[in-house]
Amino acid sequence: AVASTDYVIVAGAGIQLTLPTAVGNTNLITIKNKVVSSVLVVANGAETIDDAATALMQTQYTAIDLISDNANWHVT
C-alpha cells in the first residue's frame, strides 16, 4: 500500500532531479527511470545520498527508493 507521504516519480526523459531537504522529511521517495537516457538524482545542498552528492540511474526501467534519516538520504 502507498501512504499519503509516499512519492513516486516516473522520469520520462533524461533529466536531473533535485531532492527536497532530508531534514524533517518522513516521505518515502521512489524514482523510476522509464527511458534509455540517464536520470541524475541530486541531494539538496550539502546533504548526501548514501554518502554521495548524487545517484545516477543509467539503466532504463531501474528504480530507487529513498528514505531520510533526518539529515541525509539513503537508498533502501
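For the structure itself, consult the block above.
Residues numbered from 1 in each chain as written. Predicted model: local features only at pLDDT ≥ 70, side-chain atom pairs only at ≥ 80, totals over all residues. Heavy atoms only, no water.

**Points about the overall build of the protein chain**
So, point 1. Within the protein chain one finds 0 helices and 7 strands.
So, point 2. Starting at the N terminus and walking to the C terminus, you meet the elements of the protein chain as β-β-β-β-β-β-β.
So, point 3. For 76 residues, the compact-globule estimate of 2.2 N^0.38 gives 11 Å, and the C-alpha radius of gyration of the protein chain, at 12 Å, lies within 12% of that figure.
So, point 4. In terms of principal-axis extent, the alpha carbons of the protein chain reach across some 35 × 30 × 15 Å.
So, point 5. Counting only residues that meet the buried cut, the protein chain has 32% of its 76 residues in that class.
So, point 6. A sequence separation of at least 24 residues applies to 52% of the contacts in the protein chain between residues at least 6 apart. (Helix = DSSP H or I, 4+ residues; strand = E, 2+ residues; numbered from the N terminus. Rg over C-alpha atoms; globule rule 2.2 N^0.38 Å. Buried < 20%, exposed > 50% of the residue type's maximum accessible area, 1.4 Å probe, protein only. Contact = heavy atoms within 4.5 Å.)

**Regarding unusual backbone geometry**
So, point 1. A positive phi angle is found at Asp50, which is not glycine, with a value near 50°.
So, point 2. Note that Asp50 resides in the loop between β4 (39-42) and β5 (54-57).
So, point 3. In this model, Asp51 sits at a positive phi of 70°, which is unusual for a non-glycine residue.
So, point 4. Looking at the element boundaries, Asp51 is found in the loop between β4 and β5.
So, point 5. With relative accessibility at 74%, the residue Asp51 sits in the exposed group.

None of the figures reported here should be taken as evidence of function without further support.
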